[in-house]
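Structural overview
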Amino acid sequence: MLRIPCPWCGVRDETEFHYGGQAGIARPPHPDALSDDEWADFLFMRDNSKGEFAERWMHAAGCRRWFNVKRHTVTHRILAAYCIGEPAP
Amino acid sequence: MRKFSVWSLARNAVTGHERWPRQWRSPEPKSAYDVIIIGGGGHGLATAYYLAKNHGITNVAVLEKGWLGGGNTGRNTTIVRSNYLWDESAALYEHSLKLWESLSRELNYNVMFSQRGVVNLAHNLADVRAGRRRAEANRLNGIDSEWLTTDEIKRRCPILNTASTLRYPVLGGTFQPRGGTARHDAVAWGFARAADDRGVDIVQNCEVTGIRRADGRVAGVETNRGFIAARKVAIVTAGHSSVLAEMAGFRLPIQSHPLQALVSEPIKPVLHTVVMSGAIHVYVSQSDKGELVIGAGVDSYNSYAQRGSFHVIEGQMAALVELFPIFARLRMLRSWGGIVDVCPDASPIIGKTPVEGLYINGGWGTGGFKATPGSGWVFAWTIANDAPHPVNAPFSLARFSSGALIDEHGAAAVAH
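About the thresholds
In every chain, residue numbers begin from 1 and rise along the written sequence. A letter from A marks each chain and a number from 1 marks each ligand, given out in the order of writing. Where local features are concerned, this predicted model is filtered to residues with pLDDT of at least 70; where side-chain atom pairs are given and counted, the filter is 80 or more; whole-chain, interface and lining totals use all residues. Values shown for side chains rest on all heavy atoms present in the structure; no hydrogens or waters enter the calculation. Only a pair of cysteine sulfur atoms within 2.5 Å counts as a disulfide in this structure description. Classification of residues uses two cut-offs on accessible area relative to the type maximum, computed with a 1.4 Å probe and protein chains only: under 20% is buried, over 50% is exposed, and between them is partly exposed. In this description, a nonpolar core means a group of buried Ala, Val, Leu, Ile, Met, Phe, Trp, Tyr and Cys residues linked to one another through side-chain atoms lying within 4.5 Å. Working definition: helices are DSSP H or I runs of at least four residues, strands are E runs of at least two. Numbering for both runs from the N terminus. Note on definitions: a residue-residue contact is assigned when non-hydrogen atoms from the two residues lie within 4.5 Å. Given a helix with a known number of residues, its expected span is that number minus one, times 1.5 Å. Buried area is calculated as the accessible area (1.4 Å probe) missing from two parts once they are joined, with the contributions of both summed. Each reported salt bridge corresponds to a side-chain nitrogen of Lys or Arg within 4 Å of a carboxyl oxygen of Asp or Glu. Any pair of nitrogen or oxygen atoms within 3.5 Å is treated as a polar contact; in protein, a donor-acceptor pairing is required on top of that, and neighbouring residues in sequence qualify only through side-chain atoms on both sides. Any residue outside Ala, Val, Leu, Ile, Met, Phe, Trp, Tyr, Cys, Pro, Asp, Glu, Lys and Arg is labelled polar, Gly included; the first ten of those are nonpolar and the last four are charged. Residues scored as positive are Lys and Arg, those scored as negative are Asp and Glu, and His as well as the terminal groups of each chain are ignored. Strands were regarded as paired on the criterion that DSSP finds at least two bridges between them. To obtain each axis, a line is fitted to C-alpha atoms, and for helices this fit is confined to the stretch in contact; angles are then taken between N-to-C directions over 0 to 180 degrees. By convention, a stacked pair of Phe, Tyr or Trp rings (six-membered ring in the case of Trp) has centres within 6.5 Å and planes under 30 degrees apart, an edge-to-face pair has planes over 60 apart, and any other such pair is tilted. Whether a charge sits over a ring comes down to the Lys NZ or Arg CZ being within 6 Å of the ring centre and within 35 degrees of the ring normal.

1. A word on the state of the cysteines
Residues and elements named next belong to chain A. In this structure the tally under the stated criterion is zero disulfides over all chains. Note on Cys83: no disulfide assigned, nearest cysteine sulfur contributed by Cys6 at a separation of 8.7 Å. On the basis of relative accessibility, which here comes to 22%, the residue Cys83 falls in the partly exposed class.

Given below as structure tokens:
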């Protein structure tokens, strides 16, 4: 089980959290101007890195706030937790 | 290839079974092949076999970074069925199931395909509606699916707890009699032996580290044993599809998750069919050795670690004991994890890539094993003709741009 450091509540068990996938995907400002390929890229294509990965978690059984985590996808080691909108450390 | 028969068995019994030949060669890789298949799991080996058998392409190498069938082929829970909702999926999985039915004879290798039937339980009204709809859709596609009432399920599986007082009572379920299980290692070994017999080079401990391209098309692969040239390269690396795609410079709509499974101590035969519950996340069958083989949903987070969190196993054990109180005091022998490549629509990607001469077969999510022969069959066709077969044409990478997704989250029966 992962132990996840919520920026507001501190380190808690993974079972308190909800996973949100890759972090930092910005919605395109003008979706109607995109081609089908560009829209598919936003909608479906994702980083799936073997190694460091920036992802979102939500503290569902705590403060219920979303935040970002940088985690290694082979060792599962959590390298950083940071707020939405902040650049990845 | 020395054929297995009752005579060869008798002959080798006389010599203490010490003179069986090796079932496939371990050749040094040549400097060039017509086709290179990256990944020596069931799907890759099946692709090599059907390339050689159906299309006469035998100058083929299967490159495996570890050992044959050591990835998801040896980590799944061996369930085979074809009761998928949409016409596209029904065609693909049913094609595969038909190949399963003659596979042992085809390969001269006992893959222990056992058509003991698969029950998918319904626990709420939405499950009932979706299950009945799926069973009817299956029948329209010529698949032997039927709807069973709670009593009918109880007759087939007396140890199942069908009390109405359950938190998630059994309200019925779909049943596919031709579904069942197969021995997953034997599938890899059988395809390897048969492909090797037709001249395919199977190279183990050969890891692909790069995909070389020239003039917009594939030129070969870099490996830990040097560069190997090929005009056609096929990626069949369940669990690492995105990693290989990145080597070739394109992205996939795939996320890799751990999927855990476990087996119990062996007991006398008590469970004569496969029972799956998508709603409370457990599926179970009993192996020929008597062990219960148990699986459930994926871990929520992305991972390449081939292990997951314990609370997921805890959840699936709770579901198992709720459905089968008789299993409450069983001890579990071992658990493991595999990495599954999940697509947004729970359907695979089988076809061409943006790189000329490079093909991909992946994104099977939690349910690739059942498709092994059919997947290899259509993928071999795709590679040989440089165009998808009508059966796998809908499963192209382009469907994510066109929007023609094939949503099989319901039939996948496992939470993605």
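2. Some words on the nonpolar core
Residues and elements named next belong to chain B. Grouped together as the largest cluster of nonpolar side chains are 51 residues, with contacts concentrated most on Ile37, Trp100 and Phe191. Listing elements by their share of this core, those giving two or more residues are strand S1 (32-38), helix H2 (42-55), strand S2 (60-63), helix H3 (87-100), helix H4 (103-107), helix H7 (184-197) and helix H10 (372-385). In this view, Ile37 contacts Gly44, Thr47, Ala48, Leu51, Val60, Ala61, Val62, Leu63, Ala234 and Val236; residues no more than four positions away in its chain are not counted. Formed by 31 residues, the second largest nonpolar core is a distinct cluster that contains Val218, Leu252, Val355 and Leu358.

3. Concerning H10 of chain B
Residues and elements named next belong to chain B. Taking 1.5 Å of rise per residue, the 14 residues of H10 would be expected to cover 20 Å, and the 20 Å separating its terminal C-alpha atoms lies within 8% of that figure. Among the 14 residues in H10, ten count as buried, and that is most of the element. Of all the positions in H10, only Thr372, Pro373, Gly374, Ser375, Gly376, Val378, Phe379, Ala380, Thr382 and Ile383 are classed as buried. Asp386 occupies a position one or two residues after H10 and carries a positive phi of about 55 degrees.

4. Concerning the interface of chain B and chain A
The interface of chain B with chain A comprises 24 residues on the first partner and 24 residues on the second. Counting the surface chain B buries against chain A, the share from its top three residues, Arg251, Tyr301 and Tyr304 of chain B, is 30%. Linking chain B to chain A there are two salt bridges. One salt bridge in this structure joins Arg251 of chain B and Asp41 of chain A, with 3.7 Å as the shortest N-O distance. Linking chain B with chain A are 17 residue pairs in polar contact (both at pLDDT 80 or more), by the criterion used here. Broken down by secondary-structure element, the contributors of at least two residues to the side of chain B that touches chain A are helix H8 (241-247), strand S12 (255-264), helix H9 (310-323) and helix H11 (399-402) of chain B. Residue composition of the side of chain B that touches chain A, by class: eleven nonpolar, ten polar and three charged.

5. Let's talk about the side chain of Asp341 of chain B
Structurally, Asp341 of chain B can be placed in strand S16 (residues 332-342). No salt bridge is formed by the buried Asp341 of chain B. Its closest oppositely charged neighbour is Lys50 of chain A, at 11 Å. A distance of 3.5 Å separates a polar atom in the side chain of Asp341 of chain B from the backbone nitrogen of His240 of chain B. Polar contacts involving the side chain of Asp341 of chain B include one to the side chain of Ser241 of chain B, which spans 2.7 Å. Discounting chain neighbours no more than four positions away, the residues touching Asp341 of chain B are Thr237, Ala238, Gly239, His240, Ser241, Ile254, Gln255, Ser256, Gly363, Trp364 and Gly365 of chain B.

6. Describing the pattern of salt bridges
Pairing between side chains becomes possible if they bear opposite charge and their charged atoms approach one another. Residue and element names in this part refer to chain B. A complete count under the given rule lists 21 salt bridges over all chains for this structure. Between Arg178 and Glu94 there is a salt bridge; the shortest N-O distance is 2.8 Å. Highlighted residues: Arg178 in the loop between strand S6 (172-176) and strand S7 (180-181) and Glu94 in helix H3, separated in sequence by 84 residues. Among the residues examined, Glu94 registers a relative accessible area of 5% and is labelled buried. Here the residues in one salt-bridge network are Glu94, Lys98, Glu101, Asp144 and Arg178, joined through shared partners.

7. Considering the pairing of strand S2 (residues 10-13) of chain A
Residues in a regular strand point their side chains to alternate faces of the sheet. Residues and elements named next belong to chain A. Judged from the four bridges that link them, strand S1 (residues 3-6) and S2 form a sheet pairing that is antiparallel. Bridge assignment links Pro5 to a residue of S2, and that residue is Val11. Taking the residues between adjacent antiparallel strands as the criterion, S1 and S2 are bridged by three residues.

8. What to know about the sheet that holds strand S3 (residues 18-22) of chain A
Sheet strands pair via backbone hydrogen bonds, and the direction of the pair is either parallel or antiparallel. Residues and elements named next belong to chain A. Reading across the sheet, the four strands line up as S3-S4-S5-S6 and stay open at both edges, with antiparallel pairing between neighbours. Bordering the open sheet on either side are S3 and strand S6 (78-82), each of which pairs with just one other strand. For this sheet the average axis-to-axis angle between neighbouring strands, irrespective of direction, equals 30 degrees. Both strand S5 (residues 66-72) and S6 contribute to a ladder of four bridges, which runs antiparallel. Residue Arg71 lies in a different strand from S6, and its bridge partner there is Ile78.

9. Describing the packing of aromatic side chains
For the coordinates displayed, the defined rule picks out 16 aromatic pairs over all chains. An angle of 70 degrees between the planes, with centres 5.0 Å apart, marks the rings of Tyr49 of chain B and Tyr50 of chain B as edge-to-face. Accessibility assignment for this pair places Tyr49 of chain B and Tyr50 of chain B in one class, buried. Taken together, the ring pairs connect Phe17, Tyr19, Trp57 and Phe67 of chain A together with Tyr301 of chain B into an aromatic cluster. Positioned above the aromatic ring of Tyr168 of chain B, the side-chain terminus of Arg167 of chain B is 4.4 Å from the ring centre. Of note, Arg212 of chain B hangs over the ring of Phe227 of chain B, and the distance from its end group to the ring centre comes to 3.6 Å.

The values are spatial; any link to function lies outside them.
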